[in-house]
Amino acid sequence: MVSSIVLYLIRRSINAVITIVLLLALVFILLHTIIRSPEGLARVICGNPHCSNSAIALIIKQNGLTNPLWVQFFSYINQVFHGNLGIDTFYRGRPELSVIEAFLPITLELVVTGSALGILIGIFTGSIAASNRNRAQDYGIKAVYLTAWSAPVFLVGFVLQLIFAYWLKLLPAHGIANAFLTPPKVLTGAPLIDALIDGKWVYAYSVAQHLVLPAFALAVASFGITTRLTRASMIDALDRDYVKLAYMKGLSKRTVVWGTAFRNAVIPIITLIALTFAFSVGGAVIIEDVFSYYGMGYFTVQAIYNSDYPAILAFVLIIGLAVIIANLVADLLYAVADPRVRLT
Amino acid sequence: MADSDDSDIVDIEGLTITYRTVYGNLVSLNSVDFKVKRGESVSIVGESGSGKSTLGLAIVRLLAPNASYSSGRIMLDGHDVTKLSNRQVSLLRGTTAFMIFQDPLNTLNPVKRVDVQMLEAIRSRLKQEGQPFNEESAYKEAVDRLNDVRMPDADSIITRYPHQLSGGQIQRVVIAMGLLMRPKLMIADEPTSALDVTVQAQVLELLRDLQRNYQMSIIFITHDINVAHSISERMVVMYAGEVIEASPTESLVKNGLHPYSQALIASIPTISKSEGKLTAIAGSPPDMISPPNGCRFHPRCPHVMQVCTVQSPRTTVKDGSEVRCFLYG
Amino acid sequence: MRRPIQATVTTEVATGTVAAGKGKTTTGGWRFYLGFFMKDKPAFGGLIIVAVFVIWGALEGLMQLLSLWFPHGRLFGHPYSWALIPSNPFVLNFSPSYKLQPPSLAHFPSFLFGTNVDGQSILARLMYATPHDLAAPIVVVGSALLIGMFLGTAAGYFGGWTDEVIMRLTDAFLALPALILAIAVGVLLGGGFTSVLVALMIVWWPTYARFFRAQALTIRERGYVESSKLSGSSSLKILIKHIIPNSIDPIIAYVTLDFGTVILFLAALAFIGVGLSLYPEWGSESNFGLDYFPTFWWWSIVPGIIIGVVVIGFTLVGDRLQDLISGRMTY
Amino acid sequence: MVDVLVKTQKLKKYFRAGKSGLLDKILRQLPPLVKAVDDVNLEIGKGEVVALVGESGCGKTTFGRLLTTLETPTEGEIYFDGRQVTKSDQKAVRRKVQMVFQNPYESLDPRQSVKGIVTEPLSKMGISKVEKDAQFEKVMSAVGLDQNFGERRPRDLSGGQRQRVAVARSIVSNPEFIALDEPTSALDASVQSQVLNLLVGLREEYNFSYLVITHNIAVARYISDRVATMYAGQIVELGPTGEVLKDPKHPYTQALLKSVPSLDTKKIEPPHGEVPSLINLPSGCRFHTRCPFVMEKCKTEDPSMRRVGNVDVACWLF
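Nothing here was measured: the structure is a model prediction, and the numbers come from that model.

Thresholds, definitions, all that
- Residues numbered from 1 in each chain as written.
- Chains lettered and ligands numbered in written order.
- Predicted model: local features only at pLDDT ≥ 70, side-chain atom pairs only at ≥ 80, totals over all residues.
- Heavy atoms only, no water.
- Helix = DSSP H or I, 4+ residues; strand = E, 2+ residues; numbered from the N terminus.
- Buried < 20%, exposed > 50% of the residue type's maximum accessible area, 1.4 Å probe, protein only.
- Contact = heavy atoms within 4.5 Å.
- Areas by Shrake-Rupley, 256 points an atom, 1.4 Å probe, with all protein chains shown as cover.
- Lys, Arg positive; Asp, Glu negative; His and termini not counted.
- Charge placed at Lys NZ, Arg CZ, Asp CG, Glu CD.
- Core = buried A, V, L, I, M, F, W, Y, C linked by side-chain atoms within 4.5 Å.
- Pairing = 2+ DSSP bridges.
- Axes fitted to C-alpha atoms, helices over the stretch in contact; angles between N-to-C directions.
- Patch = residues over 30% accessible without salt bridge, like charges linked within 9 Å, V, L, I, M, F, W, Y side chains within 5 Å.
- Salt bridge = Lys/Arg side-chain N within 4 Å of Asp/Glu carboxyl O.
- Expected span 1.5 Å × (residues − 1).
- 1 Å grid on protein atoms, 1.4 Å probe; cavity = no way out; pocket = protein on both sides within 12 Å on 5 of 7 lines; lining within 4 Å.
- Points joined across faces, edges and corners; volume = space filled by probe spheres on them.
- Nonpolar A, V, L, I, M, F, W, Y, C, P; charged D, E, K, R; others polar.
- Phe/Tyr/Trp six-rings, centres within 6.5 Å; stacked < 30°, edge-to-face > 60°.
- Lys NZ or Arg CZ within 6 Å of the ring centre and 35° of its normal.
- Buried area = accessible area lost by both parts, 1.4 Å probe.
- Polar contact = N/O pair within 3.5 Å; in protein donor to acceptor, adjacent residues only side chain to side chain.
- Right-handed = clockwise from strand over helix to strand, strands pointing away.
- Disulfide = S-S within 2.5 Å.

Caption draft 1: Broad picture of the overall build of chain A. On a plain count of helices and strands, chain A comes out with 13 helices and 0 strands. Going from the N terminus to the C terminus, chain A shows its helices and strands as α-α-α-α-α-α-α-α-α-α-α-α-α. Referenced to the eigenvectors of the C-alpha coordinate spread, the extents of chain A come out at roughly 85 × 60 × 40 Å. Relative to its 344 residues, chain A shows a buried fraction of 54%. Of all intrachain contacts in chain A linking residues separated by at least 6 positions in sequence, the fraction that spans at least 24 positions is 72%. As displayed, chain A has an accessible area near 15,300 Å², and 68% of this comes from carbon and sulfur atoms. Chain A carries 23 positive and 16 negative side-chain charges, and their two centres are separated by 9 Å.

Shown next, in the form of structure tokens:
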């Protein structure tokens, strides 16, 4: 007899691998439908538009680009599972993985801060709106979240920059930290955490300052979805008989709303965390561009401008993995929060 | 105010409740008069949309946000529920009136264990009484009440989550929770209609015993006249948001006065009478947004008169029954 | 087997979600829905925004097509493509009084939203770009709807291996943030408006497939489907006659909201430089202004605001439709 | 003796309680079996009305769906008109059977007109439009609905009217056998009697055979010739309605009758305990955990059907 949680994890891991392979297949098929000739592919891998003919021949040979498509696919998969995502052409031939290693933690720090902030505020405002349905609070919150939900991310970034950086001059508009400060030792790669571990308080303060605006801009985006869903979920919970029963126990409105309805309403929101995370990763690409925040998003935009295909493929893969992990975490959390869920 | 022990536990006069809906205003209760004596068991019988659930919810002021008390008063144990503040109403809930709901799957908080939910009730009662809470004695009290509702294996049931219980078990837990609050009035809104026949019978039996043992008043809301008959001393029949007859159960079942009550009883198949056709009531229940003029039952009534179509009948008393029909003056 | 319906109707009335649709006064029909729609002022406002956007987009789109067919045709002395627009969106005018002018009433209405570094009216450029921003959601959502309907309904109705395969595929697509996948595909396809559309189509269908699958799963249990089976209808007939038509209603609201989302995505892609061409684009206009921010803030901000306003229009309409369809209508 | 129209032999239907993937199969962690219908023998004669009575989750709906070929049996045989129903001649059988479902709010396609709904079973029969119209008119008057309902949609109809439409749909193709799954339990009391009277009238006129699935014994009493009591996937008692309900043999039928509240008596004497789940069935006689007359034998051995007078009973008391 295998315990159900282990079985569940095995099942989820298998599913994750299948998903990743399918994802790779998708990207692979796409790449090969667009560029059919081995020469073209070699040129892409080379990255240099003025690649010499001999270099191209070498690349074709090395990468087996004349092999049947399925052989190429399996060797590609094989490479990926050995951690070889290709060579970054823009960053002077560094392996893709090391480039990503440098950029990913920065983005993760931004995305996690931003989406956590958005989710927390969203859950709170959504609950308030629902428990005051069709009253002034509800309409007010609705106006705010509809605006937040509809505004393009870059506009939010611009407006925040304009107000807090240029107009009120409270916070910096660009970058990760004050460039004149000495950065801490690289441990995790995430600047704020590294600075705190290393005890560089001034640097940490500077990082925190730089983090506020982009994180807040990301938060605005996830705040919209979270509020909307929390409100719906909370309205649903508040209509249930168990809420009426809680009132029948003589409990006050506050106890019923936050003690009984809230926990039930929040459970469906947990699955949203992964979704919001994924959504914020997308948003980060734009926000990093606006705030010159040198993370994965910035790296991606550079890769786009430089037609650096291996970088884009590697990026897709890493983000896919991150989102799959986020989903798994959300599902486990869900199971912890809801006694009805059996992990199957 | 009169000595509260002599007065009726529930005394509703001229209650009108309106729901705002997309289709227009829906008058769910139309100047309803309704009384329950202390220690009495009354059932409210009516078809869907007749306003019987609204009446129950109105007494404990748990109506949906789009409902409004248009007129009338609801005296619950001497307090007008329509005029109290939220805080004051919450003091009446539970200890004065407790309500049980229909759907067992929705009636307990799915994310909390049964014991936690029962202790919540005790804590709330003790707080209202201004007494200290003791976890151990409270737990014991909870188990005792579960035994009172004849819950087999109460010690183990109390540590489970609601989804691990059957419908019948959940309704028992809810009734036990009601007993913990020691209410003077128990309102049961179709508590057995989602249960199996044998389990329904168990719960009905239980409620009947509890009413006797705890000296509670019971308002039993149901669409099933058979169930109403087996549980209550007095029956109140509702049709389209109005109380059309209120009579002692036996006399209503044997000689209902209102044509609707009569037709309803004649139309129900029973196990003992089998021969011949059922006497069906023609037509369907009215549209509540634009109900018929005059007596709301007149389009379906076999004894309809000219006056019924234009004027709404008033309540008249005849042989201890109250009836709202022009046949009786 | 349980028998809750008797009182479900009552509960619905009691909780005030929907009054049971009994009798003649409560029937549906477009008149009723329109009446309901109009009761909500914000939704009505949204409808006006959407109408202005759609009508202008269609009109200007037509003018640009005319211009394409008759390159030498003239209306009001201008080529068709910008005859209805206050000024030529492509004109270069480097004189200081035209270059980087803030929003003003000068040369009304050309300078209403200010000008860019080339002295072009931002208003004119945004107006010129509208047909693309209208076409994108129609094409993307439309195709996603069709693909999703086909795959999702099949998965839900037939179950088994069909379901397993289709759902694995959607999972793979949904594993990536939509924007990232769209970026990757858009770039791989070589940029340009068409490749962005294709990228968005590839990204968009899985959500719809999931949705239609869920719908098919519920509807296939309904009595009318079973009864149709007993009448000897083939699976295909049941799908076309019962399952698909009944799946559509709940999705209308979602489609409306999604129109806004596609516009946001298109703008976001253009903003980071995917699918750029000479043709102006709301998102790319904003991006071009990035280098002149914050001194010439309007260049970046105004296109963003226009996008936001149009998306809010769709959101308001969609939100109201959602209430209407899900029966969460209160008044 | 009337001719037998539908007959089942040792009919079984087992489900898996939940989905299982490839991994579960490898690790042998299959979800538990639900024995919804377990070894049921039943005959329904031509023009006969049999009521299947039981509490929720006893498998009665599944049995009805098996008879109308909406489910395929796990084991056992179904005979229709003397011929065994196999997968291949399901189509032929489907022309002769129909089903009426419990919830009229979900069993009519909201997008179809009443006429479309009612005439759908005719579409595969290759009859002309004129004949179709004539048949439509005929059944609409048979179920007591006005012709002009034809263009309406289900949302314009009340519950009772909807159920009439559902009945009209089920009889339009002149089936021989109709399974009615709780045909009135979703209806208001005052409307229920209309529909019951309609069903009785139709049967008298057209000589249909009905299987009426219901939890309401009074409905069974009113409508049926014979009644079958079902408990935990098995039929425990079967006999002429009057006889079974007047003098029930099986302790479960007795308990059921004593649990039903009625206008004649205030007395109710329910059995203790609850209906067992179809996943963990008690050994031996399935009712032994709740039976007041339980004997040692009941706990280990499953009783088979035995004829006592006109009634078949599965109980060791006989």
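Caption draft 2: Highlighting the nonpolar core. The biggest cluster of nonpolar side chains holds 267 residues, and the ones touching the most others in it are Val10, Phe34, Ile59 and Ile219 of chain B together with Leu200 and Trp204 of chain C. The residues touching Val10 of chain B, leaving out its near neighbours within four places in the chain, are Phe34, Lys35, Val36, Ile59, Met75, Leu76, Leu185 and Ile219 of chain B. Grouped together as the second largest cluster of nonpolar side chains are 37 residues, Val49, Leu187, Val212 and Ile223 of chain D included.

Caption draft 3: Main features of the sheet that holds strand β9 (residues 226–231) of chain D. All names here are of chain D. With respect to topology, 8 strands assemble into an open sheet ordered β6-β7-β8-β3-β9-β10-β12-β11, the strand pairing being mixed. Each edge of the open sheet is held by one strand with a lone partner, namely β6 (97–100) and β11 (306–308). Strand-to-strand twist of the sheet, defined as the mean angle between neighbouring strand axes without regard to direction, takes the value 20°. Summarising the sheet, strand β7 (residues 177–181) and strand β8 (residues 209–214) pair through 5 bridges and their orientation is parallel.

Caption draft 4: Local environment of a nonpolar patch on the surface. Residues and elements named next belong to chain C. Taken together, the side chains of Trp30, Leu34, Met38, Phe44, Leu47, Ile48 and Val52 present a nonpolar region at the surface, about 660 Å² in accessible area. For the nonpolar patch, the elements supplying multiple residues, two or more each, are α2 (30–38) and α3 (41–69). Ranked by the residues each element gives to the nonpolar patch, the list is headed by α3, at 4 residues. Examined against the element boundaries, Trp30 turns out to sit in helix α2.

Caption draft 5: Looking closely at helix α8 (residues 197–214) of chain B. Relative to the 26 Å expected for 18 residues at 1.5 Å per residue, α8 of chain B spans 25 Å between its end C-alpha atoms, a close match to the ideal helical length. Once α8 of chain B finishes, Gln215 of chain B follows within two positions and takes phi at roughly 55°, a positive value.

Caption draft 6: The arrangement of the pairing of strand β4 (residues 67–76) of chain B in detail. Residue and element names in this part refer to chain B. As judged from the 8 bridges shared by strand β1 (residues 10–21) and β4, these two strands associate in the antiparallel manner. Paired with Asp11 across the two strands is Met75, which belongs to β4. Pairing of β4 with strand β5 (residues 79–80) involves 2 bridges; the strand directions are antiparallel. Its bridge partner being in β5, Leu76 is matched across the sheet by His79. Hairpin geometry of β4 and β5 is characterised by an intervening segment of 2 residues between the two adjacent antiparallel strands and by a positive phi of about 55° at Asp77.

Caption draft 7: Focus on the sheet that holds strand β5 (residues 83–84) of chain D. Residues and elements named next belong to chain D. What the 4 strands build is an open sheet, ordered β2-β1-β4-β5; its pairing is antiparallel. The open sheet has two edge strands, β2 (33–45) and β5, and neither has a second partner. Summarising the sheet, strand β1 (residues 4–16) and β2 pair through 10 bridges and their orientation is antiparallel. Within the sheet, the bridge partner assigned to Val4 lies in β2 and is Gly45. Helix-sheet contacts for helix α2 (residues 60–67) involve β1, β2 and β4 (75–80), and the interaxial angle to β1 is about 125°.

Caption draft 8: Looking closely at empty space enclosed by the protein. Counting across every chain of the model gives 15 cavities of 30 Å³ or more. Each pocket or cavity is described by its volume, and for the largest cavity that value is around 520 Å³. Lining the largest cavity are 30 residues; nearest its centre among them are Asp224 and Asn226 of chain B together with Gln192, His215 and Asn216 of chain D. Of all the secondary structure elements, the ones that give two or more residues to the lining of the largest cavity are α8 and α9 (225–231) of chain B together with α7 (189–206) and α8 (217–223) of chain D. Looking at the lining of the largest cavity, its residues break down into 13 nonpolar, 13 polar and 4 charged.

Caption draft 9: Geometry of the packing of aromatic side chains. Scanning the entire structure with this criterion turns up 34 aromatic pairs over all chains. Aromatic side chains Phe154 of chain A and Phe271 of chain C sit 4.4 Å apart centroid to centroid with 0° between the ring planes, which places their arrangement in the stacked category. One end of the pair, Phe154 of chain A, is in helix α7 (residues 153–167); the other, Phe271 of chain C, is in helix α10 (residues 235–271), on a second chain. The same class applies to Phe154 of chain A and to Phe271 of chain C, which are both buried. Put simply, the rings of Phe154, Phe158 and Tyr166 of chain A together with Phe271 and Phe293 of chain C touch in pairs and so form one group of aromatic residues. Above the face of the Phe133 of chain B ring, Arg123 of chain B is positioned so that its terminal group lies 4.3 Å from the ring centre. The side chain of Lys297 of chain D reaches across the aromatic face of Trp316 of chain D, ending 4.1 Å from its centre.

Caption draft 10: A look at helix α10 (residues 241–248) of chain A. Residue and element names in this part refer to chain A. Across the 8 residues of α10, 8 count as buried, placing the element largely inside the fold. By the burial criterion, the buried members of α10 are Asp241, Tyr242, Val243, Lys244, Leu245, Ala246, Tyr247 and Met248. At the exit of α10 stands Gly250, carrying a positive phi of roughly 85°.

Caption draft 11: Spotlight on the pattern of salt bridges. Per the stated rule, a full pass over the model turns up 55 salt bridges over all chains. The residue Asp198 of chain A makes a salt bridge to Lys185 of chain A at a minimum N-O spacing of 3.9 Å. Residue Asp198 of chain A is found in helix α8 (residues 191–198), and its partner Lys185 of chain A is found in the loop between α7 and α8; the two are separated by 13 residues along the sequence. On the basis of relative accessibility, which here comes to 56%, the residue Lys185 of chain A falls in the exposed class. Salt-bridge contacts for Arg155 of chain D lead to Asp156 of chain D; the nearest nitrogen and oxygen are separated by 3.8 Å. Accessibility expressed as a relative area gives 18% for Asp156 of chain D, which makes it buried.

Caption draft 12: Region of interest: unusual backbone geometry. With an omega of 5°, the peptide bond running from Phe293 of chain C to Pro294 of chain C counts as cis. Along the chain, Pro294 of chain C turns up in the loop between α11 (282–288) and α12 (298–326). In this structure, Ala240 of chain B is a non-glycine residue whose phi angle is positive, near 50°. Considering the arrangement of structural elements, one finds Ala240 of chain B in the loop between β9 (234–239) and β10 (242–248).

Caption draft 13: Spatial organisation of the interface of chain C and chain A. On the side of chain A, 52 residues touch chain C, which itself brings 49 residues to the contact. Of all residues in chain C, Arg168, Leu188 and Ile272 of chain C bury the most surface against chain A, accounting for 15% of the area lost on that side. Across the salt bridge formed by Arg228 of chain A and Asp319 of chain C, the nearest N and O atoms sit 2.2 Å from each other. Summed over the shared surface of chain C and chain A, the number is 5 residue pairs in polar contact (both at pLDDT 80 or more). Put simply, the parts of the chain that give the side of chain C that touches chain A at least two residues each are α6 (160–174), α7 (178–188), α10, α11 and α12 of chain C. If you tally residues by element for the side of chain C that touches chain A, the top one is α12 of chain C, at 12 residues. Grouping the amino acids of the side of chain C that touches chain A by side-chain chemistry returns 34 nonpolar, 12 polar and 3 charged.

Caption draft 14: Representation of the environment of His107 of chain C. Residues and elements named next belong to chain C. Residue position: His107 is located in the loop between α4 (80–83) and α5 (122–158). Take His107: its relative accessible area is 46%, and that puts it in the partly exposed class. In this structure, the C-alpha to C-alpha distance between His107 and Ser87, residues 20 residues apart in sequence, is 9.8 Å.

Caption draft 15: How the structure looks around the pairing of β7 of chain D. Residue and element names in this part refer to chain D. With 5 of its 5 residues buried, β7 lies for the most part within the structure. Burial along β7 is two-sided: Phe177, Ala179 and Asp181 facing one way and Ile178 and Leu180 facing the other are all buried. What joins β7 to β8 is α7, and the crossover it makes is right-handed.

Caption draft 16: Layout of the state of the cysteines. Residue and element names in this part refer to chain D. Inspection of the entire model under this criterion finds 0 disulfides over all chains. With no disulfide of its own, Cys298 has Cys285 as its nearest cysteine by sulfur position, at a separation of 5.9 Å. Classification of Cys298 as buried rests on a relative accessible area of 8%.

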